[in-house]
Amino acid sequence: QVQLVESGGRLVQAGGSLKLSCAASGRTFSRYGMGWFRQAPGKEREFVAVIDLNGSAAYADSVKGRFTISRDNAKNTVYLQMNSLKPEDTAVYYCAADTGGGSYYYTAYEYWGQGTQVTVSS
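Below is a summary of the structure that appears in this document. Just so it is clear, the model here is predicted, and its values are computed rather than measured.

### Structural notes on the packing of aromatic side chains
Evaluated as defined, the whole model comprises seven aromatic pairs. Between Phe37 and Phe47, the ring centres sit 5.8 Å apart and the planes meet at 70°, which makes this aromatic pair edge-to-face. Placement of the pair is Phe37 in strand 4 (residues 33-39) and Phe47 in strand 5 (residues 46-51), with a sequence separation of ten residues. What makes Phe37 buried here is its relative accessible area of 1%. Between Phe37 and Trp112 the ring centres are 5.3 Å apart and the planes differ by 55°, which places this aromatic pair in the tilted class. Of the two residues, Phe37 is situated in strand 4 and Trp112 in strand 10 (residues 111-112); the sequence distance between them amounts to 75 residues. Joined through ring pairs, the aromatic side chains of Phe37, Phe47, Tyr94, Tyr104, Tyr109 and Trp112 make up one cluster. Sitting over the face of the ring of Tyr79, Lys19 holds its NZ or CZ atom 4.6 Å from the ring centroid. Across the ring face of Trp112, the terminal group of Arg45 is positioned such that the distance to the ring centre comes to 4.7 Å.

### Details of the nonpolar core
Within the largest apolar cluster, 34 residues are counted, with the highest numbers of intra-cluster contacts made by Met34, Trp36, Leu80, Met82 and Tyr93. Elements represented by at least two residues in this core include exactly strand 3 (18-24), strand 4, strand 5, strand 7 (67-72), strand 8 (77-82), strand 9 (91-98) and strand 11 (116-121). Setting aside residues no more than four positions away along its own chain, Met34 makes contact with Leu4, Cys22, Phe29, Ala49, Val50, Ile51, Ile69, Arg71, Val78, Ala96, Ala97 and Tyr109.

### Describing the sheet that holds strand 1 (residues 4-7)
Spatial ordering of the open sheet is given by 1-3-8-7, a layout of four strands whose pairing is antiparallel. Only two strands of the sheet have a single neighbouring strand rather than two, namely strand 1 and strand 7. Looking at each pair of strands side by side, their axes are set apart by 15° on average, direction ignored. Pairing of strand 3 with strand 8, which is carried by six bridges, proceeds in the antiparallel orientation. The residue bridging Lys19 from the neighbouring strand is Gln81, located in strand 8.

How each quantity is defined
Residues numbered from 1 in each chain as written. Predicted model: local features only at pLDDT ≥ 70, side-chain atom pairs only at ≥ 80, totals over all residues. Heavy atoms only, no water. Phe/Tyr/Trp six-rings, centres within 6.5 Å; stacked < 30°, edge-to-face > 60°. Helix = DSSP H or I, 4+ residues; strand = E, 2+ residues; numbered from the N terminus. Buried < 20%, exposed > 50% of the residue type's maximum accessible area, 1.4 Å probe, protein only. Lys NZ or Arg CZ within 6 Å of the ring centre and 35° of its normal. Core = buried A, V, L, I, M, F, W, Y, C linked by side-chain atoms within 4.5 Å. Contact = heavy atoms within 4.5 Å. Pairing = 2+ DSSP bridges. Axes fitted to C-alpha atoms, helices over the stretch in contact; angles between N-to-C directions.

Given below as structure tokens:
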């Protein structure tokens, strides 16, 4: 079993940057695909980024070129660097772990963190 704890969310002005972290418990972190999702009020949870076991990454079109996902297996941590933030990026951001290696679909993920709030002011 994996426990995930996100951190780094806060209020930031449009155009600013934030780096989210997700720390995982357990010794098998390197075996999980890791994803970031977000959910804004009144909206469904949506895919943001995923990184597989080999470090290959994929992004939602809405964040491509602005966000970067990375992982440090030695620290059991996955990161989301967010640049050029926009008000529409405002949401609760969740990290998730997938024994299947990573997916665009939130239903594929077995483990979830509690979320961290990102608010981008205009």
